[in-house]
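# Remarks on the overall topology
For reference, the chains in residue letters:
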Amino acid sequence: MSTSLSLSSPEPAFVLRDSDVSIDCVKFVKNAKNESELFAANRSGCFTTWNVKTRRKERSIVIGDEPILHVNSVDDKRIVIQSKNGKFSIFKSEEDSFQKEDEIDLGHFGFCRFSRFESYIALPTSRNGVFICHRELRNVVHRIESRQDGDDEKKRGMMMSLCLVNENQLVAGYENGELRVFELQNGAKVRSSLRLFTEPVICMDFHSVLSRGVAGTVTNQLAVWSLTSGNGELRLDRRLQLVNPGTNCVRIRPDGKLFACAGWDGRVRLFHMKKLIPLAALEFHREAVQWLDFSEDNLLAACCTQGFISVWSLYRS
């Protein structure tokens, strides 16, 4: 993979038009037929699946009137959908539709999205708590309380982002710019903490093989950090400067070679994961890019407030 900086913006491989409503989440998945699909969820409460090969819309369902914050698969037949009203739903994928299996209301009205690792799901609850569920929404295997012994919860502020890095460790990002590692098998207690920013940790991602993560905030900074596998200690590796402030999403590619960040300025920026140098700035979107996702074969999807999705084929070798 070349590490040279691309000064001119390439064009997307293709563009999917959903509606005029802001799309706030995209997710690549493999269905039961092992076909690549792209999930898209918008601010009007509509969830859509696209066939990546044919580039056609396959199914749509209106979950409700509330915006959909996040969506991910539990397995090849079921998906979890998080709405802005604090409700989490599981839907089973049928041939031409989706059937609701379960729904719970955890009273979380913030912007913190749930996180998934294999068959485990970390759900944000009211008052900065977290439920760790296994396969089912009501199968809670761990509970994290917002207030720990000797804690000053007011200093941390709201929980802004979650990253379930493995079945035993959860990383949470807070309004005061702090990361915290919770050890789930040890009573879900705080193992370590690290202050990344003076502003909220808006988003983060983690690569388990590299034991390395990236976080974004409202300023023009990104923070690259590491998690020691043995003792669960957090370490700040480097801060990166962006041209403009505001990052809504960061995503590390599955092969660990690069990562992407979604900017408030409408740009998607690509960085070399090892050398931490910029590779390209994708300037297709005119408004804020809301979310990103990589496919297993290294396609990159970006969604925006304009209601369409750009799909990119870059540095795939």
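Our structure's up above, just so we're on the same page.
The numbering scheme is per chain: residues are counted from 1 as the chain's sequence reads. Whole-chain, interface and lining totals are the exception, using all residues; otherwise, since this is a predicted model, local features are given only for residues with pLDDT of at least 70 and side-chain atom pairs are given and counted only at 80 or more. Side-chain figures throughout are based on the complete set of non-hydrogen atoms in the structure, without hydrogens or water.

## Concerning the overall build of the chain
We count it as follows: Helix and strand assignments follow DSSP, with helices taken as H or I runs no shorter than four residues and strands as E runs no shorter than two, numbered in order from the N terminus. Each residue's exposure class comes from its accessible area (1.4 Å probe, protein chains only) as a fraction of the maximum for that residue type: buried when under 20%, exposed when over 50%, partly exposed otherwise. The accessible surface values rely on the Shrake-Rupley method and a 1.4 Å probe; as for residues, cover is taken only from the protein chains in view. A residue counts as positive if it is Lys or Arg and as negative if it is Asp or Glu; His and the chain ends are not included. Lysine's charge is taken at NZ, arginine's at CZ, aspartate's at CG and glutamate's at CD.
The number of helices and strands found in the chain is one helix and 28 strands. The C-alpha extent of the chain, read off along each of the three principal axes, is 55 × 45 × 30 Å. The burial tally for the chain puts 56% of its 317 residues in the buried class. Accessible surface, the chain: about 13900 Å² in total, of which carbon and sulfur atoms supply 44%. Each charge class in the chain can be summarised by its mean position, and for the 43 positive and 40 negative side chains these summaries are 4 Å apart.

## Structural notes on the layout of surface pockets
Formally: In the cavity and pocket records, a cavity denotes points on a 1 Å grid over the protein atoms alone where a 1.4 Å probe fits but cannot get out, a pocket denotes an open set with protein on both sides within 12 Å along at least 5 of 7 lines, and lining residues are residues with an atom within 4 Å of a point. Grid points are joined across faces, edges and corners, and a volume is the space filled by probe spheres set on the points. Only Asp, Glu, Lys and Arg are considered charged, only Ala, Val, Leu, Ile, Met, Phe, Trp, Tyr, Cys and Pro nonpolar, and every remaining residue, Gly among them, polar.
Taken as a whole, the second largest pocket spans an internal volume of roughly 390 Å³. If you trace the second largest pocket, you find 23 residues lining it, with Asn31, Glu37, Arg59, Ser93 and Glu94 closest to the centre. Elements with a minimum of two residues in the lining of the second largest pocket: strand E2 (23–30), strand E3 (36–42), strand E5 (56–62), strand E7 (78–83) and strand E8 (87–93). Split by residue class, the lining of the second largest pocket holds five nonpolar, four polar and 14 charged.

## Describing the nonpolar core
Note the following rule: The term nonpolar core refers to a set of buried residues drawn from Ala, Val, Leu, Ile, Met, Phe, Trp, Tyr and Cys, joined through side-chain atoms within 4.5 Å. What makes two residues a contact is simply this: any of their non-hydrogen atoms within 4.5 Å.
Of all hydrophobic cores here, the largest spans 44 residues; its most connected members are Phe47 and Ile309. Here this core takes five residues from E2, the largest share from any one element. Among residues more than four places away in sequence, those in contact with Ile309 are Phe14, Val15, Leu16, Ile23, Val26, Leu38, Ala40, Trp50, Ala301, Ala302 and Cys303.

## Some details on the packing of aromatic side chains
The condition that has to hold: Pairing of aromatic side chains here covers Phe, Tyr and the six-membered ring of Trp, requires ring centres within 6.5 Å, and sorts the geometry by plane angle: under 30 degrees stacked, over 60 edge-to-face, intermediate tilted. Note on criteria: charge over ring means Lys NZ or Arg CZ within 6 Å of the ring centre, with the direction from the centre no more than 35 degrees off the ring normal.
Scanning the entire structure with this criterion turns up seven aromatic pairs. Relative to Phe114, the ring of Phe88 has its centre 6.4 Å away and its plane inclined at 70 degrees; by these criteria the two rings are edge-to-face. In this pair, Phe88 sits in strand E8 while Phe114 sits in the loop between strand E9 (98–105) and strand E10 (115–117), placing the two residues 26 residues apart along the sequence. Taking relative accessible area as the criterion, Phe114 reaches 4% and is therefore assigned buried. Among the aromatic residues, those joined into a cluster by ring pairs are Phe39, Phe47 and Phe98. The ring of Phe131 carries Arg143 above its face, with NZ or CZ at 4.6 Å from the centroid. It is Arg156 that lies over the ring of Tyr174; its NZ or CZ is 5.0 Å from the centre.

## A closer look at the state of the cysteines
Our working definition: Disulfides are defined in this document as cysteine sulfur pairs within 2.5 Å.
Within this structure, the stated rule accounts for zero disulfides. Free cysteine Cys46: the closest other cysteine sulfur is in Cys25, separated by 13 Å. Lacking any disulfide linkage, Cys163 is separated from the closest cysteine sulfur, that of Cys112, by 11 Å.

## Structural notes on the pattern of salt bridges
Pairs can form between side chains of opposite charge whenever their charged atoms are close. In plain terms, the rule: A pair is scored as a salt bridge if a Lys or Arg side-chain nitrogen falls within 4 Å of a carboxyl oxygen belonging to Asp or Glu.
One pass over the full model with this rule turns up 21 salt bridges. Across the pair Arg78 and Glu101 runs a salt bridge, and its minimum N-O distance is 3.4 Å. Here Glu101 lies in strand E9 and Arg78 lies in strand E7, a separation of 23 residues in the sequence. Take Arg78: its relative accessible area is 7%, and that puts it in the buried class. With relative accessibility at 42%, the residue Glu101 sits in the partly exposed group. Between Arg316 and Asp297 there is a salt bridge, with the nearest N and O atoms lying 3.3 Å from each other.

## As for the pairing of strand E12 (residues 130–134)
The following threshold applies: Strand pairing requires that DSSP identify at least two bridges connecting the strands.
Of all the five residues making up E12, four are buried; the element is thus mostly covered by neighbouring parts of the structure. Between strand E11 (residues 120–124) and E12, which pair antiparallel and follow one another directly, the connecting turn spans five residues, one of which, Arg127, has a positive phi of 55 degrees. Counting the residues that bridge the hairpin from E12 to strand E13 (residues 140–144) gives five residues, and of these Arg135 lies at a positive phi of roughly 70 degrees.

## What about the sheet that holds strand E20 (residues 221–227)?
Counted only if it meets this: Note on method: axes are straight lines fitted to C-alpha atoms, helices fitted across the in-contact stretch only, with angles between N-to-C directions ranging 0 to 180 degrees.
On the basis of which strands lie adjacent, the open sheet formed by four strands has the order E18-E19-E20-E21 and antiparallel pairing. At either end of the open sheet lies a strand with only one pairing partner, and these are strand E18 (203–207) and strand E21 (234–241). On average, adjacent strands in this sheet sit at an angle of 20 degrees to one another, irrespective of strand direction. Here five bridges tie E18 to strand E19 (residues 212–216), and the two strands are oriented antiparallel to one another. Pairing of His207 across the sheet is with Arg212, part of E19.

## Quick notes on empty space enclosed by the protein
For the structure shown, the criterion picks out one cavity of 30 Å³ or more. The space that makes up the largest cavity amounts to roughly 40 Å³. Residue lining of the largest cavity: Arg253, Leu258, Leu270, Phe294, Asn298, Leu300 and Leu314, and that is the complete set. Residues of the lining of the largest cavity, tallied by class, amount to five nonpolar, one polar and one charged.

## Notes on the pairing of E18
The buried fraction of E18 is high, at five of five residues. Neither face of E18 is exposed, since Cys203, Asp205 and His207 on one face and Met204 and Phe206 on the opposite face are all buried.

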